[in-house]
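Chain by chain, the residues:
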Amino acid sequence: MSLTIQQRIARLDVRVLELGFWREREKVAIEGWTFNGEPIALGADWPRRDGVVHFAAKAEVPQSWPLEEIRLILDLGGESLVTLTSEAGQKRYGHDPYHQEYPVPGRRFSIEADSVARLPFGEPVPEPRLAAARLARIEPAVHRLRLLLKQVSEVAHVLGEHEVVPHLVGAAERTFATLDWPSATSDYVARMGDYTQQRSIWQLPALKSNPDGLRQDHRASVAAAHDALVAELHALKVRFPQQGKLGITGHAHIDLAWLWPYDETRRKARRTFHTALRLMEQFPSFVFNQSTAAYYAQIEEDDPALFADIVAAVKKGQWETIGGMWVEPDTNMPTGESFVRQILYGQRYFQRQFGVRHRVCWLPDCFGFSPALPQLLRQGGMDSFFTIKVNWSETNRFPHDLFFWEGLDGSRVIAHTFDNPLHGYNGSTEPAAVIPTWKNFRRKDIHDESLLAVGYGDGGGGTTPEMLERQTQLADFPAIPALRPVRVEDFYARIHNEVPVEKIPVWSGEIYLELHRATLTTQSHTKKLHRHAERALITAETVASLAALLGGPLPDSLEPAWHKVLKNEFHDILPGSGIREIYEDAERELGEALATGRQAQEAGLKAMAAQLPKSGSADVLVVVNPDLHARPIRCEIDGAPLAPEGTLPPLGIAVLDRAGLVPTSGLMVSKTCLENRFVRVTLNGDGTLASLYDKRAGREALAGRGNQLWAYAMDKPRNWDAWDIEDDYTANGQELTAVEAIEIVETGSHRVAVRIVRRFRDSTISQTLRLWANSPRLEIRTDIDWHDRRVLLRTLTPVAVRSDFATFECAFGVVGRSTRDNTSWESAQYEVPAHRFADLSEPGFGVAILNDAKYGHSVKGNVLGLSLVRAPIYPDPLADEGEQSFTYALLPHQGSWHEGGVREEALDLNQPVLALAATGLQPGSHQPLAVEGIVAGLGGLKRAEEGGGLILRVYEPAGARGAFAVRPVAGWRLGEAVDILEEPVSRADGPDLKPFEVRSWVLKRE
């Protein structure tokens, strides 16, 4: 009877398993442990499990044991930082379920561990205990042979029908046939006591406590069998050469915060980084990469000695800092200037501390990618981009894995993604990872190598010794990909240098992830604080810079406050996919950044006022336009709305005599109508909009009841609760038509308002419809007290506009998306990101929905949709619980969105003009920095990082091109053009601004 190949492989697996029980030749328990200074027995439960606890013990290796064969084996019951101290010094290691074995530092040494009762993904250990602590003398030959035979079996499993498989199986069978193996009953049964079959026996016999290991003749047979198997593998490799190449980079993806709080991340980073350094000592060819400037900055604070060792490893070339950003941020929601600061502060940190500037943007785990990124990466010194997240799309397979990614402006970066079915970017060197990763690489026709990141991650931990041992052994195997350690930047440099440009396909525009759409809405309070904090800092820098242009001092750097904003843009914080503790920290830090920005704005306004002409003692209002377009004056003074006649020029300042302020006429309100000279709004009895009539265009903007509120109780995704909105969420929608109250809450000549109060189950929604005297937008301030779970709240407005495409604002530009569902690509975009507006326009007319704190949009057919609140139960059971406030608005306009001032109104909603009450200033207007030509958006106006000047950054927002001039006030001049790193840059001739181009200049005192 002959067995099938699969049966023979299964037989090999059983025999390989047995070898592992003979790996430890001898062992001795380590006793005398203390737990927070008190004695604890080996095997005992932790006396307490909250916070960080401390273990300590001493160990001594028996004199007859050779140190090179000794391992310290620990299972402390949680994640730990282990410190081993001997006469030779200290060594530190991370300790987790995948890192529990360590070389000993000497014959005698002490053990200390700072531990938490948590697993790598934040799960509490139900019953933490000091489970294992022993010194083990290892059988090196058994260790090597077991792993080699295990890999033979795994390769055979993965290669399946490949013709090399029978040869591999036969080689392994011959290896076992040559082994001389012990069989003495008492030793054998005791050694196999932990074998699964043995553990299932009703009652085992008494087991020998210290069973004998291998004799010297047994060891000799093991060594000979190993060498013979390697020889057979070499011969097979000649007949069946290795196929393909994978560049192996050691890695440990550490989520800055996710299923654990940030304080735990600081500990995870220390544990992981110590582990990586120890592996570099054991494996000189090992190369490890780690992104995120913020991690290195925190290590400088937490463990200066570790930081110094990392610097040394970077200089040796074994440690590769990577990524060029402050953190690995979400790339859907931050504004363009936030991306600039991620790169600016990240690259400057890496240059300052390590002497390196990165070329590769490393974002393996973000939930879709803004089309603004390629241009900003290029300006920030990065010509390459890495992610694997595109492989997560559930509907359509992303068509490329080696390609040019082209941004809004036409800038291109080389992008690569690998498809590893075994844990993605948390890969390993197992055959089940390396063989499919190479198989899945689709551009073998243009390049001979793909990349694979190796190491436990998300919760950190990183590469293990076994992964590196496997990599070494697999070099002898036939028919599999060749593996080599690589620096990621060197890997990309090969592509740049060796692959002809014309052979590389191009993906143009955003990379939309067909998954995790709910991250645009979940934890909306954090999202609002982030939006307002980043805007407050941009505005504060602008106002202080305008004051400097008028003669005041240069503004202070707000980089420390920016660090708080950038940190909380991390791709599991801002998207709302973390635990409650994260958002307590995030909202505190973002609140601090927001307060810093507002205080800096006030200081900048006072500094500006100090430079303005003085006259008399009349009460005046200093009003400042912090943007690059003319704006009507709309603001609140001491809580009261103000909307007088007149406009402010770009970056303009007006000193207004308060006694002479005249409001715009034509403002009216009743319980069923709000009206000004631009629009007339009529309400239905259920509080929805019966009409939004544009008086300028002479046409109705609505095609049905506007501002419908819908609650969807089917917001119950099959997976990824905080992350996902399923495509069937509308199956159980309930429109909120019952109204508890409609009342007029604001009258006057500057702004009017009507409040509508509704209830949904245990939640209350109060909406105040507001109309300014000098604006065509209908604002809908929404105050919610939310107490329901797994319900999605949205607003829907059908509009009298027909178009195949809608326009959505993104960082430094816009994205056009289909309003149809003709293809699977279109229908998958049922919830999409946008910043401050989404617009649907036809020739001559359109309607936009604006917001000051939301990101999840839909425009299908003629319906404008905006997601307002979600309420998942994992990983934060109370996400969005309680009170929150935000404002969105409907804006009818003539012409396209660009012609109709949609961006300008959206910007005004998010950042009103600034106002300061003062006395003794001469009424008049001032423009410290004038601009002429094509319409441009302001990226930032800030103090230069070097040289004492200012940096002006603008962008073209709509895809146009033309002349653009900057004229500073007397005493200042426009200096050289620079990139976002504020370094001089040359540019091809052409119009001053090209479509979606971002440009920066230095402003210098004369």
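Please refer to the structure placed before this passage.
To keep things clear, this report deals only with the structure shown in the data block. (Residues numbered from 1 in each chain as written. Predicted model: local features only at pLDDT ≥ 70, side-chain atom pairs only at ≥ 80, totals over all residues. Heavy atoms only, no water.)

### Digging into unusual backbone geometry
Stage number 1. Note the cis peptide between Y874 and P875, where omega equals 5 degrees.
Stage number 2. Of note, P875 is situated in the loop between β45 (863-869) and β46 (882-894).
Stage number 3. Backbone geometry places T292, a non-glycine residue, at a positive phi of 80 degrees.
Stage number 4. The residue T292 is located in the loop between β12 (288-290) and α8 (293-302) in this model.
Stage number 5. Of the residues examined, T292 reaches a relative accessible area of 3% and is grouped as buried.
Stage number 6. Residues other than glycine seldom take positive phi values, yet R761 does so here, at roughly 50 degrees.
Stage number 7. Checked against the element boundaries, R761 lands in the loop between β35 (751-760) and β36 (763-772). (Helix = DSSP H or I, 4+ residues; strand = E, 2+ residues; numbered from the N terminus. Buried < 20%, exposed > 50% of the residue type's maximum accessible area, 1.4 Å probe, protein only.)

### Details of the nonpolar core
Stage number 1. Counting 91 residues, the largest nonpolar core has I310 and W319 as the members making the most contacts within it.
Stage number 2. Tallying contributions element by element places helix α10 (residues 336-354) first for this core, with 8 residues.
Stage number 3. The contact partners of I310, leaving out residues within four places of it in the chain, are F273, L277, Y296, I299, W319 and F354.
Stage number 4. Ranked by size, the runner-up nonpolar core spans 68 residues in total, among them W22, V152, A225 and I435. (Core = buried A, V, L, I, M, F, W, Y, C linked by side-chain atoms within 4.5 Å. Contact = heavy atoms within 4.5 Å.)

### Thoughts on the side chain of N568
Stage number 1. As for its placement among the helices and strands, N568 is situated in the loop between α16 (559-567) and α17 (580-609).
Stage number 2. The class for N568 is buried, based on a relative accessible area of 2%.
Stage number 3. Excluding residues within four positions of it along the chain, N568 makes contact with I573, L574, A586, E589 and L590.

### A short note on the sheet that holds strand β10 (residues 132-138)
Stage number 1. Overall, antiparallel pairing links the 4 strands, which are arranged β1-β10-β5-β8 in an open sheet. Taken across any chain shown, the strands that pair with only one partner, and hence form the sheet edges, are β1 (24-29) and β8 (101-103). Pairs of neighbouring strands in the sheet enclose a mean axial angle of 30 degrees, with direction left out of account.
Stage number 2. Where β1 meets β10, 5 bridges bridge the pair, whose relative direction is antiparallel. Bridging from a neighbouring strand, V28 pairs with L135 of β10. (Pairing = 2+ DSSP bridges. Axes fitted to C-alpha atoms, helices over the stretch in contact; angles between N-to-C directions.)

### Some points on the pairing of strand β44 (residues 856-860)
Stage number 1. Summarising burial for β44: 4 of the 5 residues are buried, a large majority.
Stage number 2. Summarising the sheet, strand β41 (residues 832-833) and β44 pair through 2 bridges and their orientation is antiparallel. The partner of P833 across the bridge, within β44, is G856.
Stage number 3. Pairing between β44 and β45: 4 bridges, direction antiparallel. Counterpart to K860 in the pairing with β45 is V863.
Stage number 4. The turn joining β44 and β45, which pair antiparallel and follow one another in sequence, is formed by 2 residues; a positive phi near 60 degrees is taken by G861.

### Section: the sheet that holds strand β47 (residues 914-921)
Pairing between the strands of a sheet is mediated by backbone hydrogen bonds and can be parallel or antiparallel.
Stage number 1. Pairing within the open sheet is antiparallel, and its 4 strands lie in the order β47-β21-β26-β48. Each edge of the open sheet is held by one strand with a lone partner, namely β47 and β48 (924-926). When the angles between neighbouring strand axes are averaged without regard to direction, this sheet yields 25 degrees.
Stage number 2. By the bridge criterion, 3 bridges tie strand β26 (residues 653-657) to β48 in an arrangement that is antiparallel. Counted as the bridge partner of I653 is H926 from β48.

### Describing the packing of aromatic side chains
Stage number 1. Applying the stated rule across the entire model yields 40 aromatic pairs.
Stage number 2. Summarising the aromatic geometry, the rings of F369 and W405 are spaced 6.3 Å apart at their centres and angled 75 degrees between planes, so their arrangement reads as edge-to-face. Note that F369 is positioned in the loop between β14 (360-362) and α11 (373-379) and W405 in strand β16 (residues 402-406), a separation of 36 residues in sequence. For the residue pair F369 and W405, the accessibility class agrees, reading buried in each case.
Stage number 3. For the ring pair F386 and F418, a centre distance of 5.5 Å and an interplane angle of 35 degrees mean the geometry is tilted. On the criterion of sequence distance, the pair formed by F386 in strand β15 (residues 384-386) and F418 in the loop between β17 (412-416) and α12 (431-440) is long-range, its members being 32 residues apart.
Stage number 4. Joined through ring pairs, the aromatic side chains of F273, F286, F288, Y296, F307, W319, W326, Y349, F350 and F354 make up one cluster.
Stage number 5. Here the guanidinium or amino end of K854 rests over the ring plane of F886, the centre of that ring lying 4.1 Å away. (Phe/Tyr/Trp six-rings, centres within 6.5 Å; stacked < 30°, edge-to-face > 60°. Lys NZ or Arg CZ within 6 Å of the ring centre and 35° of its normal.)

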